[in-house]
Amino acid sequence: MTDNESEQSEFDAYLSLADVSEEDHRWAFGTGFGDPLAGIDVAVPAGVDPAELTATCLALGDDALIYSHRLQQWVTRAPELEEETALANIALDLLGQARLLLTRAAQAEGGNRDEDRLAFFRDEREFRNVRLVERADADFAELAARLLVFSAWRLAVMRGLTADRDPVLAAIAAKAVTELTYHRDYAAAWVIRLGDGTDYSHARAQAALDTLWPVAAELGLAGDADAYLDAVFAEATLRRPDTPPLAPVAGKTGRDGSHTEAMGYILAELQSVARANPEATW
Amino acid sequence: MVSAWETAASVLDPELPAVTIGDLGILRDVRERDSAVTVTITPTYSGCPAMAQIAADLRRRLTEAGYERVDIRTELSPAWTTDWITPEGRRKLAEAGIAPPGERGGPVLIPLAVACPRCGSRDTREFSRFSGTACKALYQCRGCLEPFEHVKEH
């Protein structure tokens, strides 16, 4: 083999797929997912309440899973190729966070479930995501506004968790912080461009913000995240909405498993393949 | 004799095949014990789809090098940063036409100019904040007009 050929073979992501190995279950690049926390000390440390850790990881994992799915639905529908690439990348980051968090949730609950069981075989009322991530965006303005609110809020949450007593959750949060900062800044640039654009784009951006505001109440926006949003709204010449929060149902919101109508449709799409082929691996 | 570290470090990144996982700082630790070797790697991004490929390549290369048992471990903390890309890695990226990342500092409000990897001009613009893989952004040079990718500071 010449040097060139040998170099070429190293480049070929498909070449090693031909190697049959018991530990290698890939059938294409990006498949054959193993445990994303392989080799990490996953014991829940003393002083950490496993039920509380499970609940935190499940809630934040579900937010990322459902919102990632919504963002993926924009692929092939975005106005420009560059925005489509951006949204696919953001969705991928969130899916990665979801995998890590659901895996941690499964470890903390101590049963025999794993990330796939949690993602594909729970029913609607067992999901703990906030209602903000459920609605399909009606237009690009709504996408930008929702992504801004979601990323600013999640960034603040993850920053707080970098000091969590569970070192695994703290490490997952630390990785998420850099990713979310980038997502937030991308969304902010679009909200400013639309809000401070033409009269028409301004009206659409304001309408988008008004539409999603009732479900933003559940986030309990405060501190840095809130200040950041206000700064972006000011720059975008947008008014902070005063629409009232979407009422809980029998005192329950998304975090309690009470979701909007959109949730059932998302889960039907998200879970159908896994439920039709319960033994499948990815 | 080639050490286990050298063998592991020479595995190419599947998404940036101009550089190795050693150059990128993805390879964190290699421990040998008799004919067994334990390799620790760290993901660049939470959802990096190349991790399974890197693990498979490591397994293949180390098995070929004679190790009977190869364990691949993940480490999340401290989180990977582009600051871990070696000077050699940065040079190889630039040679492949990919602008290497700058140093991360505090909060950067005005992004520093990215030099065009083809003509060296600093008169470039960010064309898109994202590109073909999670770790890159798309730029264009105003000097030679060539579009190019930039490994974004992370």
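Conventions we followed
- Residues numbered from 1 in each chain as written.
- Chains lettered and ligands numbered in written order.
- Predicted model: local features only at pLDDT ≥ 70, side-chain atom pairs only at ≥ 80, totals over all residues.
- Pairing = 2+ DSSP bridges.
- Helix = DSSP H or I, 4+ residues; strand = E, 2+ residues; numbered from the N terminus.
- Axes fitted to C-alpha atoms, helices over the stretch in contact; angles between N-to-C directions.
- Domains from an automatic or database assignment.
- Nonpolar A, V, L, I, M, F, W, Y, C, P; charged D, E, K, R; others polar.
- Expected span 1.5 Å × (residues − 1).
- Buried ≥ 20, exposed ≤ 12 C-beta atoms within 10 Å, placed from the backbone.
- Arc of directions from axis to C-beta.
- Contact = placed C-beta atoms within 7 Å.
- Parallel < 35°, antiparallel > 145°, perpendicular 65-115°, else oblique.

(A) The arrangement of the sheet that holds strand E2 (residues 36–41) of chain B in detail. Residues and elements named next belong to chain B. Reading across the sheet, the three strands line up as E1-E2-E3 and stay open at both edges, with mixed pairing between neighbours. The open sheet terminates on both sides in strands that have one partner only, identified here as strand E1 (27–33) and strand E3 (69–74). Geometrically, the sheet is characterised by an average inter-axis angle of 15° between neighbouring strands, direction not taken into account. Sheet analysis places E1 next to E2, joined by six bridges and oriented antiparallel. Directly across from Val-30, in E2, lies its bridge partner Val-39.

(B) Examining the domain arrangement of chain B more closely. Residue and element names in this part refer to chain B. Domain annotation for chain B reports domain 1 (4–74) and domain 2 (92–151). Here the C-alpha centre of domain 2 lies 27 Å away from the C-alpha centre of domain 1. Residues that form the side of domain 1 that touches domain 2 fall into these classes: four nonpolar, two polar and two charged.

(C) Region of interest: helix H8 (residues 223–235) of chain A. Residue and element names in this part refer to chain A. A rise of 1.5 Å per residue sets the reference length of H8, with its 13 residues, at 18 Å; its end C-alpha atoms lie 19 Å apart and thus fit the reference within 8%. Buried within H8 are the following residues: Ala-225, Tyr-228, Leu-229, Val-232 and Phe-233. Across the axial projection of H8, the buried residues extend over an arc of 135°, all falling on one side. For H8, the exposed residues lying more than 90 degrees away from the buried face are Gly-223, Asp-224, Asp-230 and Ala-231. Contact partners of the buried residues in H8: helix H5 (140–161) and helix H6 (167–195). Where H8 ends, the next residue or the one after it, Thr-237, has phi of about 55°, a positive value.

(D) Region of interest: the environment of Glu-124 of chain A. As for its placement among the helices and strands, Glu-124 of chain A is situated in the loop between helix H4 (115–120) and H5. When sequence neighbours within four positions are dropped, the list of residues in contact with Glu-124 of chain A reads His-259, Met-263, Gly-264 and Leu-267 of chain A.

(E) Geometry of the packing of H6 of chain A against helix H7 (residues 199–216) of chain A. All names here are of chain A. The geometry of H6 relative to H7 is characterised by a closest axis approach of 7 Å and an angle of 130° between their N-to-C directions. With respect to their mutual orientation, H6 and H7 come out oblique. The segment H6 lies against H7, with Val-191, Leu-194 and Gly-195 engaging Ser-201, His-202, Arg-204 and Ala-205. Tallied by class, the residues present in the contact of H6 with H7 amount to three nonpolar, three polar and one charged.

(F) Seen up close, the environment of Leu-60 of chain A. Residues and elements named next belong to chain A. Positionally, Leu-60 belongs in helix H2 (residues 50–72). Given 28 C-beta atoms within a 10 Å radius, Leu-60 is considered buried. Spatially, the C-alpha atoms of Leu-60 and Val-157 are 9.2 Å apart, while their sequence positions differ by 97 residues. Not counting the four nearest positions on each side in its chain, Leu-60 is found in contact with Leu-101 and Val-157.

(G) Just the sheet that holds strand E5 (residues 124–128) of chain B, in detail. All names here are of chain B. The strand order across the open sheet formed by four strands is E4-E7-E6-E5, and the pairing between neighbours is mixed. Each end of this open sheet is capped by a strand with a single partner; those strands are strand E4 (98–99) and E5. Two elements, E4 and strand E7 (residues 147–151), share two bridges in a ladder whose sense is parallel. Paired with Ile-98 across the two strands is Glu-149, which belongs to E7.

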